[in-house]
Amino acid sequence: MKRIYFQLIGLSLLLSIPVLSLGQESDPTPTEEQYYRISTVPIPEGINLEVGGVTSLPDGSLAVCVRRGDVWIIENPTLQDGRNAEFKLFASGLHEPLGILYKEGSLYISQRGELTKLTDTNGDRIADKYETVYAWPISGHYHEYSFGPKLAPDGGLFVSGNVAFGDEEWWRGESRVPWRGWITKIYEDGTLEPWATGMRSPAGMGMVDGELFYTDNQGDWVGSGGVWHVKKGVFTGHPAGLTWTGEENSPVQVSTEELYERVGPRKKKVNGRYVKPENVLNEDQPDFLYQVKKDIPELVLPAVWLPHGVLGISNSEIVVIKDENTFGPFQDQLLVGDQGQSKIMRVVLEKVNGEYQGVAFDFIGGFQSGVMRMDWGMGNNLFVGETNRGWGSAGTTNAGLQFVSWTGQTPFEMHTVSAKPDGFEITFTKPVDKKLAEDLDSYSGRSYIYKYHPVYGSPPVNMEDIIFKGVKVAEDGMSVRLVVENMRQYHLHEIYVLGLRSAEAKERLLHPAAYYTLNNIPKGKKLELSSLSTKRAGAGLKKKVEVAKPTKKEVVKPADKKGSQASTSKKVTDSTKKEVAMAEREAPTYAEIEGMLVRNACTACHKQNKRVVGPSFQAISKRKYSNERIVELIYRPEPQNWPEYAVPMAAMPQVPRKDALMIAAWINSLRYQ
Amino acid sequence: MRIIFSVILLSLWGTQMTAQTRLSLQNMDDFRDQAGNWQIVGTVSMNPNVDIHSKPAPPPLIEEKKKKKKKKQNVQAPPTPPAPKAVRFQQGTGILLNMNTEEIKDHLITSWEHGDIELSLEVMIPRGSNSGIYLQGRYEVQLLDSWGVKNPKFSDIGGIYRNWEETPGNIFRGKAPASNPAKAPGLWQKIHLLFRAPTFDEAGNKITNAKFDFVDLNGVRIHNNVEVPLPTGGPIENNEVAMGPLMIQGDHGPVAFKNVEYTLLSNLDASVSDLTYKAYKGSFGSIEDFLSSEPTYQGSSDKINCLVTYEENNYGLTYKGKLHIKETNTYEFTFAYTGGGVFSLDGERLVDYQSGDAYRFDKATKTLEAGVYPFTIHNFKTAGWRPPRLGLYLKTKNTHASQFHAYESFPRNADMVSPIYVDAGASPKLLRAFLDFEGDRNRRITHNIGVASPSGINYAFDLGRGNLVCGWRGRFVDATPMWFERGDGSFRPRGAVQFTFLNQPLAHLSNENEPFPTRAIDYTPGGYQISETDGLPTFMYTYKGVAVSSAIQPDGDGKYLTHSLKIENPDSTLSLYYKLAEGEDIQQVEKGLYRIVGKEYFIELDKKYAAVIREQGEVQELMVPISSELTYKFMW
C-alpha cells in the first residue's frame, strides 16, 4: 500500500552539451532482446506463483516456494520440445517463505519464524516431514520477513531477517526480538551463530567464492541500495540490530548508544508526537559512512552502490554467472535482481587494498513482475521468480516465473571497469573504434556520495563532474585506460561512454553507463601523461546543441526522414500539417538527447518504444502534451495520469530547463513514428 | 489497513449504544402466566452425553454409539447405576429454565411488547432438545441441539423457521443460517440480533416486511439483512402487527436462558436543513489555510456530499446547516471522513482532527433539547491514496442511526477487497500464520499453524509452546489479512472460535502450586510429520530432554478433537504435568468430564487419569500428571 517512489538522482547542469554528430541518424540502437531472451513459463490456472524462492534440483526440475506458503516442483521448466511444464505440489502451508535451498535430498526454507527442512520420506515426491531446524523469535510485525538460506562452505546455512518498524515511529526500523536486522548462521544440529548486523531489509543474499554477500534496500539509514560483503562480525549500517550486541554470542561489539553518539537518531517530538526525520537540504556537515567508520571500525561500506532509482529501487537476489560459456561473455560476474524496477543488474567485484569493491551496470529489464529470486537451471538458463504483491513493480503482472537465455550473440558492452591509481580501466566485449575511443569527448561522468543518516534514503551529494585528462586505448581495442584528475575515494563514480562505437559494426553500447564504487584507490604506477591521447574532437565532429526558443509564428516543416537537418525550417501554410509540424519543430535527434536521457536517469524508467518502469516515450508522445506541459510534468509529475503504472514518478526539479525542453521536443517527435 | 476500516464501518451498523433493559430473572414478573414448566433457577448443568429422549445407561465416554444400539444394549444390559440426568439444576435466581413434560408445556410470553428490537441472550440446550425465540410472537429463530451439523437448515439453531402454509403466496420456506457456529449441548451459547418489525400505512397495509438486520450466533453472523415476508410456523397469532410480545417455545424440550438484554428501537426524528457549502482547491494543512480564501465552488444541497469539490485530492470543503432536534435526548454523532475534519455544533467543536491524510470515524455525544442547532463541517484532504469520503450519522440510544450525507459521499463498499479464503479440500489443509489469541493483537501467536480437516473441524496449534490454542467448526480461515497487498502475516479463523489458553501446557512442576510457564522454557520445536493415511500432522518437540509427539484427531462428525500425547523417552526424575484447561470456574459434570465455565467448553478424559482442578490466582486450572502418554477430548 505504501508507494515505492523511484527517486532520480540530482545532476550537474550542462547548459550546452557537446554531442557527437556522426551523420548517422539511423544509428541502430541495440536492444537487450537481441542478446538475451526472456521466456515466460505458462502457469496452470489457479496457481498463484508469487515467488519467494527458486532453486534447481539435480534432476533438472525447479523447486519454487511461493508467498502463499506452497512449494511447487516444476518439471521441464525450460519448456523443451514445446511442452508445458508440469507442476507438482510438494509442500504447502508455510508461513510466507522467501527463500529455498536444495541440499542432500531435502529442501530448506526460511519461513517468517523458522528454518524448515522439508523431506519426502516415502518417495511420492510430496514432503511429509516438516522439520524445524531452528525457530527464531519474531514479534509478529508484518515487516519481519526472513530470507535464505544460503549454504556456507562449512555446511552452515545463512538466514537474514528484516527489521520491524516502530508503532508510532512507523518509519524507524527496530529489532524487537533477537537477531532481527541480523544475518545468522544456522547449523543442522539446531544451533545458531549470530553472524553480522546492520541489515534493514536484507532480501537478497548470495555466495561468491564461498563468501557471503547481500543486498539491502534504500530506507532509513540506508542512502541507496547496494551490495555488501558480509564477513563475520561486521556492521553494515542500520542500527536496529545493535540492540543485541551486548548478548554473549554477539560477534559485533558496537552498541546503539555508541553509534547514536556519533550519528544522532533524530528522535524528535513535536506536540507530543514523534516526527519523521527528513533530509536536511544544504546540510552543513552531513555524516558519511566512511567518516563514521573511522570511529566505528566494525562499520563496513557497501562493496558496490546500486544507485537508487537507476540500478533498481528494491534490490533482491545475487547470483554468480557460472563459468561455462553458455551465458555470454560475463563469466564469474554477479547478477543482482531488482523487485521494483523488474530488472537485473550486472556487478563486477575486484579486491583493492584487501576489500571488495566494484562496478555495476544495467543488464536486462522488462520482466513481467518484480524480480525476487534467481537460480540457474538446466542449459544455463537463468530462472527468475517474480512477485510484486504489496510492493509494486514495473512489470505489471502480479507474479510469475520466467527464464533468461543467451541468444549466442555477443552484445557490445563494457565487460568491466576497474580502478587504477590514476583513473579507470574499461574493458569491452568487442574491440572499440579506436578513433572514437581516443577522443576524450567520448567520455563523461560525475561522482557523488550518499549521506549516512536516520532519514529514508539519501540524495546523492558532493556531486562533481569527472575530469578526464587522457586516455590510452589498448592495441587490440579491447580496453581503454582513462586517467582522471579528480578520483575521489569513497565516492560513486558514474562513467558514460556515449561516444564509443564498436570497431567493426559501429554499434552503440547496449548499456553505456558504468557505476563504480571507489572505496579504495589502488596504489601503483600511474600512466605517463605523454602516453595518453588528450585529443578532443574538433569542430567537424562536435556541435553545440542549443534549444531554439520556439516562436509562435515560426512553423517548421516536418523533418525529412532521409537527411535534412532538424534545424532546416520552412514556412508552410497547410493547416493539416500544422500539428505534425508543431510536434516536430526543432525536434532533436536521439543522438542529441541520448546523453541527457542517461545523465538525468530518464532511461532508468523509460525506453523509446517499450514500457518499462514508466510509460515509453512514444506512449507519452501520444498524450499530445505540449513541450511546455511535458516540462511541467517532469518537474511535477501527476502519477494519477498513469494509473496502470505501479511505481509513481518522482518529481525531478533538478533537470535543467533546457534539457527538459529538448527532451520534451524529442518525445513529441515520436508521436508519428 | 483497509480491512480494519471496513470492520469499523461494519460496527457502525452492527452495534447499538447500550440503553438496554436487562431481564432480572429474579422472578417471573416479566412474563405472562404459564403452566409451570418455566421457572427461575440458580444453576444449571447439562450432560452433553445424555439425550433428553433416552433414559439409558450412560454411553461410553470416548466413543459415541448410535441411539438404536443404545436401546439394544439397554435391553440386554445388567442393572446399572442410576442413569445420569440430561439436566441438573439448583434453586436460585438468574437463570430461566424450561422443564416441560408431556402435559405441562406452555410457551413463555413476555408481559411487554416490542417493535424494532436489539436482543442478546445466552441459551443452553441439552442434548436432543428443541426450542425457539419468536420475535413479536411471530417470527421464529430456531433453537436446537445442532452440534456438528455441517450443512445447517432452517430447522437448525439460528435458522429462521419456515411456515407450513400450502396456499401459493402464503408459503415461507424459512432461511437456513449462513453457517453453523453451534456449540455442544450443555454449553452456554450467545445470540445477538437486531429485528425490525413490519411497518404499515395508516390503512393498515403492510409497507415493509419484518426483517432481521443481523443475527449472530456465538459471535458469528448467520443472517445478514434478511426479510421475513410472513409469520413463521406456530405463531402466537397468524397476522402481522407493529407490536407484539417475545415468545419462547416450551413444548419441545428443556432449555435455559440467562443474560437476556434488549433495547427497543425506533427511527430517529431529526433532520437537517439550510445546507450550504464552499469548496476550495489546494493542498491545505489546516482549515485556516482555506477558510479565508475564495471558494472554487459554492452552493446549497439537501445532503452533505464531499464530491461537490470536483477534486479527488487537495481540496477543502465547508458545509454549514441546521440540525432540527425534535426530542430532548442524548445524541451520538459519528463524523466520518478521509483527510482532516472539524465538526462544530452550536459553536462548539465536537471533533477537531486536522491532519490531511487520516481516515477516521469520530464519535461525539451531546445531550440536546428539542430545537434547531446550527452546525459546521470542515473537511480537507492531501492524501492521494485515499478516496474522498465524508459522512455524518446521528442516533440516540433508542434509535437506529440516520445519515445526513449523500450515498456517494460515503459509499458503503469504500474499503472492501475481495476476500481470500482457504478451506480444506478432500484432504486436510495446513497453514501457518500469525494468530491473534482471542483476536488480541497483543497476544499474537507467532509460530502458529492452523489445521483444517475434511470433517469440518479446524484447530490451531502453537508450535512455539506445543499447545492446542483453539478449535472451530466450518470454514477454515480468512487469509486476506496475510495475503492482500503486503499483509500483516496473520489469518483469521472463520466461525466461532473456541480458544483455550496461552501457555506451555507441558511442564515439570516441583510442587502442585507451581505455575505453568507462560513462555517456552527448555522447549525446542521439532516440526511435524504428515500422516500418509489421513494427511494430518503429528507435532514433535522436546522438553527437558524428553521427546514428545502430539497428535490431534478430529472425530468423524466434526464435533470434537482428541488430543493424544506420547512421550518417547519418559524420564522418571521429572514430575511432568499437562495443563488441560483454564477458566474462571471449572465444573466437574461427572468424573472425567469438565465444563470450563465462561469460555464454555468441555474437557473429557478417561477416569484412569488423576486430573485435578487447582486455583491459580484469579483462575482455575485443570491439570493432570503425565508420565508416558495422555489422551483427552476437547469438545465445544
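First, a word on scope: everything that follows refers to the structure included in this document.

Time to look at the nonpolar core. Among the nonpolar cores identified, the biggest contains 292 residues, and A:Val64, A:Ile663, B:Phe461 and B:Ile603 are the most heavily contacted of them. For this core, the element with the highest residue contribution is helix 8 (residues 657–669) of chain A, accounting for eight residues. Excluding anything up to four places from it in sequence, B:Ile603 contacts B:Leu580, B:Ala581, B:Tyr594, B:Ile596, B:Leu622, B:Tyr632 and B:Phe634. B:Leu317, B:Tyr319, B:Val342 and B:Phe343 belong to the second-largest nonpolar core, a separate cluster that totals 33 residues.

Let us look at the sheet that holds strand 34 (residues 523–530) of chain B. In space, the 12 strands of this open sheet follow the order 7(A)-8(A)-9(A)-10(A)-34(B)-35(B)-36(B)-37(B)-44(B)-41(B)-40(B)-39(B), with antiparallel pairing throughout. This sheet does not close on itself; its edge strands, each paired only once, are strand 7 (100–103) of chain A together with strand 39 (585–590) of chain B. Between one strand axis and the next, the sheet turns through 25° on average, direction left out of account.

The next thing to look at is the interface of chain A and chain B. With 27 residues of chain A at the contact, the number on the chain B side is 26 residues. Those elements that provide at least two residues to the side of chain A that touches chain B are strand 9 (114–119) and strand 10 (129–135) of chain A. A per-element tally of the side of chain A that touches chain B places strand 10 of chain A first, with five residues. Grouping the amino acids of the side of chain A that touches chain B by side-chain chemistry returns six nonpolar, 13 polar and eight charged. Pairing geometry for strand 10 of chain A and strand 34 of chain B, over three bridges, is antiparallel. Following the sheet pairing, A:Tyr130 is matched in strand 34 of chain B by B:Tyr528.

Here the focus is the packing of helix 7 (residues 627–635) of chain A against helix 8 of chain A. Residues and elements named next belong to chain A. Following both chains from N to C, one finds helix 7 and helix 8 inclined at 125°, their axes separated by 8 Å at the closest point. The angle between the axes of helix 7 and helix 8 places the two elements in the oblique class. Crossing angle aside, the handedness with which helix 7 passes helix 8 is right-handed. Contacts from Asn627, Ile630, Val631 and Ile634 in helix 7 reach Arg657, Ala660, Leu661, Ala664, Ala665, Ile667 and Asn668 in helix 8.

Basis of the calculations
- Residues numbered from 1 in each chain as written.
- Chains lettered and ligands numbered in written order.
- Predicted model: local features only at pLDDT ≥ 70, side-chain atom pairs only at ≥ 80, totals over all residues.
- Core = buried A, V, L, I, M, F, W, Y, C linked by C-beta atoms within 7 Å.
- Buried ≥ 20, exposed ≤ 12 C-beta atoms within 10 Å, placed from the backbone.
- Helix = DSSP H or I, 4+ residues; strand = E, 2+ residues; numbered from the N terminus.
- Contact = placed C-beta atoms within 7 Å.
- Pairing = 2+ DSSP bridges.
- Axes fitted to C-alpha atoms, helices over the stretch in contact; angles between N-to-C directions.
- Nonpolar A, V, L, I, M, F, W, Y, C, P; charged D, E, K, R; others polar.
- Parallel < 35°, antiparallel > 145°, perpendicular 65-115°, else oblique.
- Left-handed = near helix turned anticlockwise from the far one by under 90°.

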